[in-house]
Amino acid sequence: MSATDAWASAADIAGAVAAGESALAIVEAALARIAARDRVLNSFTAVLPDRARARGRAIDAARAEGRPVGGLAGVPFAVKNLFDVAGLPTLAGSKINRERPAATRDATLIERLEAAGAVLVGALNMGEYAYDFTGENVHDGPSRNPHDPSRMTGGSSGGSGAAVAGGLVPLALGSDTNGSIRVPSSLCGIFGLKPTYGRLSRTGTFPFVASLDHVGPFTRTVSDLALAYDVMQGHDGADPVSADRPVEPTAPLLARGTEGLRIGIAGGYFRERTFPEALTALDRVAAALGATREIDIPEAERARSAAYVITATEGAALHLDRIRTRARDFDPAVRDRLIAGAMVPAAFVVQAQKFRRWYRARVLELFDAVDAILAPATPCPAPAIGQQTFVLDGVDLPVRPNLGIHTQPISFIGLPVVAVPVPLAPLPIGIQIIAAPWREDVALRIAHALEKMRVVAAPRPAI
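Predicted model, so just to flag it, every value in this text is computed and none were measured. (Residues numbered from 1 in each chain as written. Predicted model: local features only at pLDDT ≥ 70, side-chain atom pairs only at ≥ 80, totals over all residues. Heavy atoms only, no water.)

Trainee: How would you sum up the overall build of the protein? Please name residues and give values.
Mentor: Within the protein, the secondary structure is distributed over 15 helices and 13 strands. Its C-alpha atoms give the protein a radius of gyration of 20 Å, within 12% of the compact-globule value 23 Å for 463 residues. Buried residues in the protein amount to 61% of all 463 residues. If you take every contact in the protein between residues at least 6 apart in sequence, the share linking residues at least 24 apart comes to 77%. When the accessible surface of the protein is totalled, it reaches about 16300 Å², and 54% of it is carbon and sulfur. Placing the 48 positive and 47 negative side-chain charges of the protein at their respective mean positions leaves the two points 1 Å apart. (Helix = DSSP H or I, 4+ residues; strand = E, 2+ residues; numbered from the N terminus. Rg over C-alpha atoms; globule rule 2.2 N^0.38 Å. Buried < 20%, exposed > 50% of the residue type's maximum accessible area, 1.4 Å probe, protein only. Contact = heavy atoms within 4.5 Å. Areas by Shrake-Rupley, 256 points an atom, 1.4 Å probe, with all protein chains shown as cover. Lys, Arg positive; Asp, Glu negative; His and termini not counted. Charge placed at Lys NZ, Arg CZ, Asp CG, Glu CD.)

Trainee: Could you give me a rundown of the packing of helix H10 (residues 300-326) against helix H12 (residues 346-366), with the residues and numbers involved?
Mentor: At their nearest, the axes of H10 and H12 sit 9 Å apart, and the two run at 135 degrees to each other. As far as their axial angle goes, H12 and H10 are oblique. Relative to H12, the crossing made by H10 is left-handed. Note on element contacts: H12 touches H10 through Phe348, Val349, Ala352, Gln353, Phe355, Arg356 and Tyr359, opposite Ala300, Arg302, Ala303, Ala306, Val309, Ile310, Thr313 and Glu314. (Axes fitted to C-alpha atoms, helices over the stretch in contact; angles between N-to-C directions. Parallel < 35°, antiparallel > 145°, perpendicular 65-115°, else oblique. Left-handed = near helix turned anticlockwise from the far one by under 90°.)

Trainee: Any details on the pattern of salt bridges? Residues and values, ideally.
Mentor: In a structure, side chains of opposite charge can pair up when their charged atoms sit close to one another. Under the counting rule described, the total for this entry stands at 27 salt bridges. A salt bridge links Arg67 to Glu65; the shortest N-O distance between them is 2.7 Å. Note on Arg67: relative accessible area 43%, which makes it partly exposed. The exposure class assigned to Glu65 is exposed, which follows from its relative accessible area of 56%. Residues Asp140 and Arg98 are paired through a salt bridge, measuring 2.8 Å at the closest nitrogen-oxygen approach. Of this pair, Asp140 sits in the loop between strand E3 (119-124) and helix H5 (158-165) while Arg98 sits in the loop between strand E2 (76-80) and helix H4 (108-115), placing them 42 residues apart in sequence. (Salt bridge = Lys/Arg side-chain N within 4 Å of Asp/Glu carboxyl O.)

Trainee: Which residues make up the nonpolar core, and what values go with them?
Mentor: One finds Ile297, Leu374 and Phe412 to be the most contacted residues of the largest nonpolar core, which totals 145 residues. The element contributing the most residues to this core is H10, with 7 residues. Not counting chain neighbours up to four residues away, the residues in contact with Phe412 comprise Leu212, Ala303, Ala306, Ala307, Ile310, Ala352, Phe355, Arg356 and Tyr359. (Core = buried A, V, L, I, M, F, W, Y, C linked by side-chain atoms within 4.5 Å.)

Trainee: I'd love a proper account of the environment of Leu168, names of residues and values included.
Mentor: Tracing the sequence through the fold places Leu168 in the loop between H5 and strand E4 (171-176). Spatially, the C-alpha atoms of Leu168 and Ile34 are 5.7 Å apart, while their sequence positions differ by 134 residues. Not counting the four nearest positions on each side in its chain, Leu168 is found in contact with Ala30, Arg33, Ile34, Arg37, Asp38, Leu41, Ser43, Phe44 and Ala163.

Trainee: Requested: an account of the environment of Phe83, with residues and values cited.
Mentor: For Phe83, the position within the fold is in the loop between E2 and H4. Among the residues examined, Phe83 registers a relative accessible area of 3% and is labelled buried. Separated by 24 residues in the primary sequence, Phe83 and Ala107 place their C-alpha atoms 5.9 Å from one another. Excluding its chain neighbours within four sequence positions, the residues that come into contact with Phe83 are Thr90, Ala107, Leu109, Ile110, Leu173, Gly174, Gly204, Thr205 and Val215.

Trainee: Give me the packing of aromatic side chains: which residues, what numbers.
Mentor: For the coordinates displayed, the defined rule picks out 9 aromatic pairs. Considering the side-chain rings of Tyr129 and Phe330, the 5.7 Å spacing of their centres and the 45 degrees angle between planes classify their relative orientation as tilted. Here Tyr129 is found in the loop between E3 and H5, whereas its partner Phe330 is found in the loop between H10 and helix H11 (332-342), with 201 residues between them in sequence. Take Tyr129 and Phe330: they sit in the same class, and that class is buried. Look at Phe355 and Tyr359: their rings are 5.6 Å apart centre to centre, the planes differ by 20 degrees, and that puts the pair in the stacked class. Here Tyr359 and Phe355 lie together in helix H12, a separation of 4 residues that amounts to about one turn. For the pair Phe355 and Tyr359, one class covers both residues: buried. Clustering of aromatic rings is evident, with ring pairs tying together Phe355, Trp358, Tyr359 and Phe412. (Phe/Tyr/Trp six-rings, centres within 6.5 Å; stacked < 30°, edge-to-face > 60°.)

Trainee: How would you explain empty space enclosed by the protein if you had to name every residue and give the values?
Mentor: The final tally for this structure, using the stated rule, is 3 cavities of 30 Å³ or more. Roughly 110 Å³ of internal volume is contained in the largest cavity. For the largest cavity, the lining is made up of 14 residues, of which Ala130, Tyr131, Asp132, Phe133 and Asn178 are closest to its centre. Broken down by class, the residue content of the lining of the largest cavity amounts to 6 nonpolar, 6 polar and 2 charged. (1 Å grid on protein atoms, 1.4 Å probe; cavity = no way out; pocket = protein on both sides within 12 Å on 5 of 7 lines; lining within 4 Å. Points joined across faces, edges and corners; volume = space filled by probe spheres on them. Nonpolar A, V, L, I, M, F, W, Y, C, P; charged D, E, K, R; others polar.)

Trainee: Lay out the sheet that holds strand E5 (residues 191-194) in plain terms, naming residues and giving numbers.
Mentor: Strand order in this open sheet of 11 strands is E1-E3-E2-E4-E6-E5-E12-E13-E9-E7-E8, and the pairing throughout is mixed. Each edge of the sheet is formed by a strand with only one pairing partner; in this case those strands are strand E1 (44-47) and strand E8 (293-295). Across the sheet, the mean angle separating the axes of adjacent strands is 30 degrees when strand polarity is ignored. Sheet analysis places E4 next to strand E6 (residues 214-219), joined by 6 bridges and oriented antiparallel. Paired with Leu173 across the strands is Pro217, a residue of E6. Where H4 meets the sheet, its contacts fall on E2, E3, E4 and E6, and the angle it forms with E2 comes to roughly 175 degrees. Relative to the sheet, helix H7 (residues 222-232) contacts E4, E5, E6 and strand E12 (417-422), its axis offset from that of E6 by approximately 145 degrees. (Pairing = 2+ DSSP bridges.)

Trainee: So, the environment of Ser143: which residues are in play, and what are the values?
Mentor: On the secondary structure map, Ser143 appears in the loop between E3 and H5. Residue classification places Ser143 among the buried positions, given a relative accessible area of 1%. Sequence spacing of Ser143 and Ala163 is 20 residues, and the spatial spacing of their C-alpha atoms is 9.2 Å. In this structure, Ser143 is in contact with Leu41, Asn42, Asn125, Gly135, Thr153, Gly158, Gly159 and Ile385, ignoring residues within four places of it in sequence. A polar contact of 2.8 Å, which involves the side chain of Ser143, links it to the side chain of Thr153. (Polar contact = N/O pair within 3.5 Å; in protein donor to acceptor, adjacent residues only side chain to side chain.)

Trainee: For the pairing of E2, give the residues involved together with the corresponding values.
Mentor: In terms of residue burial, E2 counts as a mostly covered element, since 5 of its 5 residues are buried. Direction of pairing for E2 relative to E3: parallel, over a ladder of 5 bridges. Looking across to E3, one finds that Phe77 is bridged to Leu120. When E2 meets E4, the two strands line up parallel, connected through 3 bridges. The partner of Val79 across the bridge, within E4, is Leu173.

Now the structure itself:
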């Protein structure tokens, strides 16, 4: 496969560039795909052709002079538009932020990817202020699922999911507060990594809920996920929660597979609130791994409720001045939830935070018995764009909040998760591989083993 092909992996592209293929030609191919396909997918809010071409030329010149070009040389990537990109206002999916001055420098993770040779090609559509699970943006229009453009990508990193699943770029960055990496990964049928809270720098990103915000990559292969994660690791003193840990490479560990790993399956709450497709995918993954032990994650439903309280109140505090002065410029669904968050009694917040400490301790105890836990990423495959409700356990529920029903109890305590796509017909659906803090390597090893067994894969859509 040529490195200019839409489905070339990041690893293949970097290898081809190191061997002499033109980074500029790869960039031009990516720009052409975006121009042709994004009219349907609506994944980009800004494309940066001049910047990308200049980077491609610089990489070609460096290689010609015998200078190192980096482990991601020539790999096109794009970022959710809450990442600062020099020269662009940081939209965070909103109307109000369009009036902000342009960013003067790139977010830390963009700098780290480009230091490894990757090439930024643009910024991606997202739910307003990241308060969304659908990928529907009232200002820029919905991002559309490459497997069926009438269906949701999931959110809030919907443009990231669409761009990677649709073959526009092999790598994208998103954020995950309550599930905004894992939900689009599931609905779009790609791999996503929500690392341990504090593992990857958030410097240069627009916040949503500081005590829950994570950032991470989307790719179409596990190897690419590990490569991108590895080059983005490292302490950042400008992010107050950045972990002061050394870089711990995961890509060299993938070949170890599942040897010696104990894998459990989340039961109870995580099996009760699902469509049949989610259970089919979970059982298929569990069977391939030989996992039979059911794990009860205690009080998961209460954890989701506490996550809602913290999300609503912290989000409201961040946006309160904007709500007071620019209420009509918000997505009404976002505005109303923020207003509700501003009215939550302080006693509820205190209780939610106390419960959070208790719940984290109880869940961490589970990793004495297992190394990873499998759970659905979403309760269903991608709903239709505009769909307001679905039926879970015989109850008619709103789609928007309940797409994150299985992700919120995990992000709430900052655990690392790899979302893997199970290619069911007609639509894929994702499974979470949940590991103990700082053990991204465990989740990635399991994902890689499943990929080698062809149990999980990013299916190519017929766009």
